[in-house]
Every structure is written in structure tokens, then in C-alpha cells.
Amino acid sequence: MYIRWRNILGGIAILAFLAVYVWAAIAIGDFVPDHPLARLVYFGVVGIGWGLPLLPLLSWIGKDDRQR
């Protein structure tokens, strides 16, 4: 697959993933106790945790297809 198409498809996939992730984080966040420390920990973990599931996709986007 050409790098240009991989970038376009990867960008669309990232935007779709983030839309679902943010929606789920907010929906689950409604069930977190109304204590400031609990909310800080939850949204801190969720705010940092979005990058881990995207690592394989980012690796695929950056893959070099040229023969060595």
C-alpha cells in the first residue's frame, strides 16, 4: 500500500478511535465517585491511556515498504 493511502486511512482511523474513546471515557466518567481525587486519578489515567492502543496503528502508518 502506498504511503499516502496509509497516511489517509491511518488518520481516519485515529480520528474514529479518538471519537469513540472520548465518548466512552466521558460515559464511564459519570460513574466515578464525585470526589475530586477519584476524578483526578480517573481522568489522568484515561487522558494518558489513549496513546497505548494507537501504537500499533502509528507503527503501521510509519512502516517503510521500500525494498532494501
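Above this text you will find the structure in question.
The structure displayed is predicted, hence computed values, not measured ones. (Residues numbered from 1 in each chain as written. Predicted model: local features only at pLDDT ≥ 70, side-chain atom pairs only at ≥ 80, totals over all residues. Heavy atoms only, no water.)

Student: Mind showing me how you'd approach the overall build of the protein chain here?
Tutor: Each helix and strand counted, the protein chain has 3 helices and 0 strands in total. Along its sequence from the N terminus, the protein chain presents helices and strands in the succession α-α-α. At 16 Å, the protein chain has a C-alpha radius of gyration far larger than the 11 Å of a compact globule built from 68 residues. Referenced to the eigenvectors of the C-alpha coordinate spread, the extents of the protein chain come out at roughly 55 × 20 × 10 Å. Taking the contacts inside the protein chain whose residues are at least 6 apart along the sequence as the reference set, 68% of them involve residues at least 24 apart. By element, 74% of the accessible surface of the protein chain is carried by carbon and sulfur atoms, the whole surface being about 5600 Å². Across the protein chain, the centroid of the 6 positively charged side chains sits 15 Å from that of the 4 negatively charged ones. (Helix = DSSP H or I, 4+ residues; strand = E, 2+ residues; numbered from the N terminus. Rg over C-alpha atoms; globule rule 2.2 N^0.38 Å. Contact = heavy atoms within 4.5 Å. Areas by Shrake-Rupley, 256 points an atom, 1.4 Å probe, with all protein chains shown as cover. Lys, Arg positive; Asp, Glu negative; His and termini not counted. Charge placed at Lys NZ, Arg CZ, Asp CG, Glu CD.)

Student: Even after reading the chapter, I still don't get the packing of aromatic side chains, so can you show me in this structure?
Tutor: To describe a pair of aromatic rings, one takes the distance between the centres and the angle between the planes. In the structure shown here, the tally under the stated rule is 2 aromatic pairs. Centre to centre, the rings of Y42 and F43 are 4.8 Å apart; their planes meet at 75 degrees, and the pair counts as edge-to-face. Over the face of the ring belonging to W60 we find R6, whose NZ or CZ atom lies 5.7 Å from the ring centre. (Phe/Tyr/Trp six-rings, centres within 6.5 Å; stacked < 30°, edge-to-face > 60°. Lys NZ or Arg CZ within 6 Å of the ring centre and 35° of its normal.)

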